[in-house]
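Architecture at a glance
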Amino acid sequence: MDREQLRHELAQRLDVVRARIAAACWRAGRKPAEVTLVAVTKYVSNDVARALFDLGVADLGESRPQELWAKAAALPTTVRWHQIGHLQRNKVERTIPIATLIHSIDSVRLLNKVVEEADRQLKSVEVLIEVNLSGESEKTGMAIESLEEAVAVLQKAARVRCHGLMTMAAMQEPEACRGTFAKLRTLLATYGDRLVRTDMPWQLSMGMSNDFEVAIEEGATMVRVGSCLFEGIPSEVLR
Ligand SMILES: *Cc1c(COP(=O)(O)O)cnc(C)c1O
């Protein structure tokens, strides 16, 4: 598969994903413009990520901060980078200047570190709070009981703006994830007034390749889609 064939293949995959997003929106009485596609590039090289950007995907997501830094250095500065995976506190300093949105504030401890670093760098930082709803210990995210404390930290934070909530559903049948997504929507309805500043739209980052349509039906405004863009393409082409 040469460069041009890869580009063609990626364009087709994107068309399919966008059509599926649109269909899920219509089923839910929503507009496709309400849903941002974050293409997760953790499986692919800088060149492949660049090809997606050139095909019109402005929002790219990485799960490891080091990979986010490396790709950001190699791609145009107009890419909107999303830090979607666990962020270690010692990587906050370098991630803040690059990430458009950090989806994975998964503890109050990390939130405090981000607040401290944003003040030190005099930099505005945009975040989502990741909530663990699946109850699986290997899944990241803060417990619902910690949200009050997060609200208290955010209300005193001058430079860190929270836009909403993120979650990861357990890997199972898409329909079985619906309850988790509905629960995140309910949580945002409960905490949104205090979590998100009044001048900003509320964001719900939920849904991956396996379950993004159900997530959209339940109110997702950002879906993080990786493998269904790349599945089946030979790894020597992707890497
Ligand atoms: C890898 C990853 C995704 C994308 O998952 P796919 O199943 O490949 O679509 C979404 N969110 C997070 C946090 C991830 O780490």
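For the structure, see preceding data.
Residues numbered from 1 in each chain as written. Predicted model: local features only at pLDDT ≥ 70, side-chain atom pairs only at ≥ 80, totals over all residues. Heavy atoms only, no water.

1. Regarding the pairing of strand β3 (residues 80-83)
- Pairing between strand β2 (residues 59-62) and β3: 4 bridges, direction parallel. Each bridged residue has a counterpart across the sheet, and for E62 the counterpart in β3 is Q83.
- Where the polypeptide runs from β2 across helix α3 (residues 65-74) and back to β3, its parallel neighbour, the crossover connection is right-handed.
- Relative to strand β4 (residues 101-105), β3 runs parallel, the two being bridged by 2 bridges. From the neighbouring strand, H82 faces β4, where its bridge partner is L101. (Pairing = 2+ DSSP bridges. Helix = DSSP H or I, 4+ residues; strand = E, 2+ residues; numbered from the N terminus. Right-handed = clockwise from strand over helix to strand, strands pointing away.)

2. A look at the site of the ligand
- What surrounds the ligand is the set V40, K42, Y43, S63, I84, M168, M208, S209, R224, V225, G226 and S227.
- Its free accessible area being 380 Å², the ligand has 93% of it covered by the protein chains.
- Tallied by class, residues from the shell around the ligand come to 6 nonpolar, 4 polar and 2 charged. (Near = heavy atom within 4 Å. Areas by Shrake-Rupley, 256 points an atom, 1.4 Å probe, with all protein chains shown as cover. Nonpolar A, V, L, I, M, F, W, Y, C, P; charged D, E, K, R; others polar.)

3. Observations regarding α3
- Within α3, burial applies to P65, L68, W69, K71 and A72.
- Looking at the packing, one finds that the buried side of α3 touches α2 (46-54), β2, β3 and α4 (92-95). (Buried < 20%, exposed > 50% of the residue type's maximum accessible area, 1.4 Å probe, protein only. Contact = heavy atoms within 4.5 Å.)

4. Quick notes on the environment of M166
- Here M166 is to be found in strand β6 (residues 160-166).
- Residues in contact with M166, not counting those within four places in the same chain, are I84, H103, L128, I129, E130, V131, L184, S205 and R224.

5. Topic: the nonpolar core
- Core analysis: the largest hydrophobic core is formed by 76 residues, its most contacted members being I129, V160 and L165.
- Beyond its immediate chain neighbours, meaning those up to four positions away, V160 contacts L111, V114, V115, A118, V125, V127, L154 and R197. (Core = buried A, V, L, I, M, F, W, Y, C linked by side-chain atoms within 4.5 Å.)

6. Examining the environment of E93
- With respect to the helices, strands and loops of the structure, E93 is situated in helix α4.
- For E93, a relative accessible area of 44% corresponds to the partly exposed category.
- C-alpha separation for the pair E93 and A118, spaced 25 residues apart in sequence, amounts to 8.4 Å.
- Apart from the residues within four sequence positions on either side, E93 is in contact with E117, R120 and Q121.

7. Section: the pattern of salt bridges
- Scanning the entire structure with this criterion turns up 18 salt bridges.
- Ionic pairing is found between R20 and E213, a salt bridge with its closest N-O pair at 2.8 Å. Taken together, the residues span a long stretch of sequence, with R20 in helix α1 (residues 3-27) and E213 in helix α8 (residues 212-217) at a distance of 193 residues.
- Owing to a relative accessible area of 29%, R20 belongs among the partly exposed residues under this scheme.
- You can call E213 partly exposed: its relative accessible area is 21%. (Salt bridge = Lys/Arg side-chain N within 4 Å of Asp/Glu carboxyl O.)

8. Structural notes on the side chain of E218
- Mapped onto the elements, E218 comes out in the loop between α8 and β8 (222-225).
- Residue E218 is classed as buried on the basis of its relative accessible area, which comes to 10%.
- In this structure, E218 is in contact with R178, F181, A182, R185 and M206, ignoring residues within four places of it in sequence.

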